[in-house]
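Letter by letter, the chains look like this.
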Amino acid sequence: MEVKIEPSWKEILKNEFSKPYFLQIATHLKTERATGATIYPPGQLIFNAFEKTPFDKVKVVILGQDPYHGPKQAMGLSFSVPDGISAPPSLINIFKELNKDIGMPIPATGNLTKWADQGVLLLNAVLTVRANEPASHSKIGWMDFTDAVIKKISEEKRGVVFLLWGRFAQDKQVLIDETKHFVLKAAHPSPFSADKGFFGCKHFSRTNELLIKQGLDPIDWSL
């Protein structure tokens with residue numbers, strides 16, 4: 001099937017788009033929209049993470065679970081919200097850790113596009129959600145797709161830093177070849193778990209140390 005996704009990703013993932021699970025995703029979304037369901041993010045932003053961070057530019061992967069399910073929050077980038085939308089609790093905690101780790105002032109925006117533009121793939125494991133129903137699309141096939149994305153990055157690239165926050169993200173560790181890549185693990189930044197190992201993880205400074213050791217430009221985490 002024809003999928004509107006950034007060209008480098010379209011090439012690297014071309015075999016996925018004809019698989020039964022992907023056709024199932026498309027059918028499910030069409031059916032829900034036909035019955036009047038509101039789905040986030042808007043259709044043109046479902047593959048935003050890929051649009052903002054082409055395959056050849058991926059240096060870091062931050063894995064989220066599923067999109068925000070409130071109005072105007074989801075923008076196709078994990079943990080990110082558009083300008084003018086208040087930062088949700090997990091994102092606030094990410095900013096608190098950035099402040100402690102590298103001294104970054106707490107930003108006025110929760111829009112992380114600047115990170116994506118520098119090679120940080122902000123990937124949710126599930127790319128859509130029904131309004132006000134968290135995890136409502138977790139079983140429609142998206143995880144097959146995003147598992148394939150992680151595997152392709154692992155197979156085709158070298159030296160990528162994967163930030164796995166929380167048990168859900170850490171379950172994806174088996175998809176990553178750690179002889180070629182770096183995996184940093186911590187608790188999830190959610191208010192329920194941030195004080196159990198996310199605060200103090202220093203993942204942002206550690207990521208930049210790993211990039212610099214490879215001769216790559218560090219990420220400017222400021223927003």
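Details of the structure are given in the entry above.
Residues numbered from 1 in each chain as written. Predicted model: local features only at pLDDT ≥ 70, side-chain atom pairs only at ≥ 80, totals over all residues. Heavy atoms only, no water.

Peer 1: I'm lost on the overall build of the protein in this one. Help?
Peer 2: Looking only at helices and strands, the protein features eight helices and six strands. Relative to the globule expectation of 17 Å for 223 residues, the C-alpha radius of gyration of the protein, 17 Å, shows essentially globular dimensions. Projecting the C-alpha coordinates of the protein onto the three principal axes gives extents of approximately 50 × 35 × 25 Å. Sorting the 223 residues of the protein into buried and exposed places 53% on the buried side. The contacts in the protein between residues at least 6 apart in sequence include a share of 67% that link residues at least 24 apart. (Helix = DSSP H or I, 4+ residues; strand = E, 2+ residues; numbered from the N terminus. Rg over C-alpha atoms; globule rule 2.2 N^0.38 Å. Buried < 20%, exposed > 50% of the residue type's maximum accessible area, 1.4 Å probe, protein only. Contact = heavy atoms within 4.5 Å.)

Peer 1: What's the story with unusual backbone geometry in this structure? I'm lost.
Peer 2: Most peptide bonds take the trans configuration, and most residues that are not glycine carry a negative phi. Residues Tyr 40 and Pro 41 are joined by a peptide bond in cis, for which omega reads -10 degrees. At Phe 79, a residue that is not glycine, the phi angle is positive and equals roughly 70 degrees. Looking at the element boundaries, Phe 79 is found in the loop between β2 (60-64) and α4 (89-102). With phi around 65 degrees, Asn 132 is a residue other than glycine that occupies positive phi space.

Peer 1: Could you clarify how one ought to interpret the packing of helix α2 (residues 20-34) against helix α6 (residues 142-156) in this entry?
Peer 2: Helices that pack against each other are described as a pair by the angle of their axes relative to one another and the distance between those axes. In the contact formed by α2 and α6, the axes pass within 8 Å of each other and the chain directions differ by 135 degrees. It follows from the interaxial angle that α2 and α6 lie oblique. The crossing of α2 and α6 is left-handed. On α6, the residues touching Tyr 21, Phe 22, Ile 25 and Leu 29 of α2 are Trp 142, Asp 144 and Phe 145. Classifying every residue of the contact of α2 with α6 gives six nonpolar, no polar and one charged. (Axes fitted to C-alpha atoms, helices over the stretch in contact; angles between N-to-C directions. Parallel < 35°, antiparallel > 145°, perpendicular 65-115°, else oblique. Left-handed = near helix turned anticlockwise from the far one by under 90°. Nonpolar A, V, L, I, M, F, W, Y, C, P; charged D, E, K, R; others polar.)

Peer 1: Explain the packing of aromatic side chains here, please?
Peer 2: The geometry of an aromatic ring pair comes down to the distance between the two centres and the angle between the two planes. Summed over the entire model, instances satisfying the criterion amount to 19 aromatic pairs. A centroid spacing of 6.0 Å and a plane angle of 35 degrees characterise the contact between Phe 17 and Phe 145, whose relative ring orientation is tilted. Of the two residues, Phe 17 is situated in the loop between α1 (7-12) and α2 and Phe 145 in helix α6; the sequence distance between them amounts to 128 residues. In this pair, the class of Phe 17 matches that of Phe 145, namely buried. (Phe/Tyr/Trp six-rings, centres within 6.5 Å; stacked < 30°, edge-to-face > 60°.)

Peer 1: Please clarify how the nonpolar core should be interpreted in this entry.
Peer 2: Grouped together as the largest cluster of nonpolar side chains are 66 residues, with contacts concentrated most on Trp 142 and Phe 145. Beyond its immediate chain neighbours, meaning those up to four positions away, Trp 142 contacts Phe 22, Ile 25, Leu 29, Ile 46, Phe 47, Ala 125, Val 126, Leu 127, Thr 128 and His 137. (Core = buried A, V, L, I, M, F, W, Y, C linked by side-chain atoms within 4.5 Å.)

Peer 1: Looking at this model, I keep getting lost on the sheet that holds β2. Mind explaining?
Peer 2: Backbone-to-backbone hydrogen bonds pair the strands of a sheet. The strands run either parallel or antiparallel. The strand order across the open sheet built from four strands is β3-β2-β5-β6, with neighbouring strands paired in parallel fashion. On the outer flanks of this sheet lie β3 (120-124) and β6 (182-186), each paired with one strand and no other. Pairs of neighbouring strands in the sheet enclose a mean axial angle of 20 degrees, with direction left out of account. Of the pairings in the sheet, the one linking β2 to β3 comprises five bridges and is parallel in character. If you follow Leu 63 over to β3, its bridge partner there is Leu 123. (Pairing = 2+ DSSP bridges.)

Peer 1: Sorry, what's going on with the environment of Arg 167 here?
Peer 2: With respect to the helices and strands, Arg 167 occurs in helix α7 (residues 166-170). With relative accessibility at 71%, the residue Arg 167 sits in the exposed group.

Peer 1: What is the right way to read the pattern of salt bridges from this model?
Peer 2: Where charged atoms from two side chains of opposite charge approach closely, those side chains can pair. If you walk through the whole model with that rule in mind, you get seven salt bridges. Between Glu 2 and Lys 10 there is a salt bridge, and its shortest N-O distance comes to 2.4 Å. The partly exposed category is assigned to Lys 10, whose relative accessible area is 28%. Beyond isolated ion pairs, a larger network of salt bridges with shared partners links Glu 32, Arg 130 and Glu 133. (Salt bridge = Lys/Arg side-chain N within 4 Å of Asp/Glu carboxyl O.)

Peer 1: Any chance you could explain the pairing of strand β5 (residues 161-165) here in plain terms?
Peer 2: Strand residues, when the strand is regular, have side chains that alternate between the two faces of the sheet. Counting buried positions along β5 gives five out of five residues, so the element sits mostly inside the fold. Because side chains alternate across β5, one face comprises the buried residues Val 161, Leu 163 and Trp 165, and the other comprises Phe 162 and Leu 164, equally buried. Two elements, β2 and β5, share three bridges in a ladder whose sense is parallel. Within β5, the residue paired with Val 61 across the bridge is Phe 162. Bridge analysis of β5 against β6 gives five bridges, and the strand direction is parallel. Counterpart to Trp 165 in the pairing with β6 is Ala 186.

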